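Working through the structure, step by step
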Amino acid sequence: KMKFVKIKDPETGKSINDRSTVIYNGKITIKGIPLKAWNYVVNGKAALDWVMERQAVRIDKASGIVNDANDWATETMGNPKYPLELFQRVVTVSLETQKIVHSLPPLDI
């Protein structure tokens, strides 16, 4: 499961998410994620948050069925790196979409 690195909030001293760094797994950490990438919101949630949630390993409590995005990536996409690459692509899409939207002229109705 992807998760954020925790840092101390300088104002409150509480542990908070460092949204510039995501731990992909025990061997891969994604650093330097632009904070602006988290501003691209789809249906009320940052697109990157959607990816992090959907690419997690989940076990249904009632049935015990395991839903593992890594298995799906290998079996369906033929690419075990797909979840990582998807996250990286969504960083780029988030940044580029915001550039385009901000460059549009004001809507004149």
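Provided above is the structure to which this section pertains.
Now for a look at the structure at hand. (Residues numbered from 1 in each chain as written. Predicted model: local features only at pLDDT ≥ 70, side-chain atom pairs only at ≥ 80, totals over all residues. Heavy atoms only, no water.)

Helix and strand content of the protein chain: three helices and seven strands. Reading the protein chain from its N terminus to its C terminus gives the helix and strand order β-β-β-β-β-α-β-β-α-α. The C-alpha atoms of the protein chain give 17 Å as radius of gyration, which overshoots the globular expectation for 109 residues (13 Å, by more than 25%). Counting only C-alpha atoms, the protein chain reaches 55 × 40 × 30 Å along its principal axes. Buried residues in the protein chain amount to 29% of all 109 residues. When contacts within the protein chain are restricted to residue pairs at least 6 apart in sequence, those whose partners lie at least 24 apart make up 36%. (Helix = DSSP H or I, 4+ residues; strand = E, 2+ residues; numbered from the N terminus. Rg over C-alpha atoms; globule rule 2.2 N^0.38 Å. Buried < 20%, exposed > 50% of the residue type's maximum accessible area, 1.4 Å probe, protein only. Contact = heavy atoms within 4.5 Å.)

Further remarks concern the pairing of strand β1 (residues 3-8). As judged from the six bridges shared by β1 and strand β2 (residues 15-23), these two strands associate in the antiparallel manner. The residue of β2 that forms the bridge with V5 is D18. Taken together, β1 and the strand that follows it, β2, pair antiparallel across an intervening segment of six residues, in which G13 is found at a positive phi of about 80°. (Pairing = 2+ DSSP bridges.)

Residues A47, L48, D49, V51 and M52 constitute the buried set of helix α1 (residues 47-54). Against the buried residues of α1 lie β1, β2, β4 (41-42), β5 (45-46) and α3 (82-103).

In this structure, M2, V22, I33, W38, L48, M52 and F87 are the most contacted members of the largest nonpolar core, which totals 20 residues. For this core, the secondary structure elements donating two or more residues are α1 and α3. In terms of residue count, α3 provides more of this core than any other element does, six residues in total. With near-sequence residues (within four places) excluded, W38 lies in contact with F4, R19, V22, I33, A46, L48, D49, M52 and F87. (Core = buried A, V, L, I, M, F, W, Y, C linked by side-chain atoms within 4.5 Å.)

Inspection of every chain in the model, using the stated rule, returns three aromatic pairs. Note on F4 and W38: the rings are 5.3 Å apart at their centroids and 55° apart in plane angle, and the pair reads as tilted. In this pair, F4 sits in strand β1 while W38 sits in the loop between β3 (29-31) and β4, placing the two residues 34 residues apart along the sequence. Owing to a relative accessible area of 7%, W38 belongs among the buried residues under this scheme. Grouping aromatic residues by their ring pairs yields a cluster made of F4, W38 and F87. Seen from the ring of W38, R19 lies directly overhead, with NZ or CZ sitting 4.1 Å from the centre. Looking at K45, its charged tip hangs above the ring of W50, at a distance of 4.6 Å from the centre. (Phe/Tyr/Trp six-rings, centres within 6.5 Å; stacked < 30°, edge-to-face > 60°. Lys NZ or Arg CZ within 6 Å of the ring centre and 35° of its normal.)

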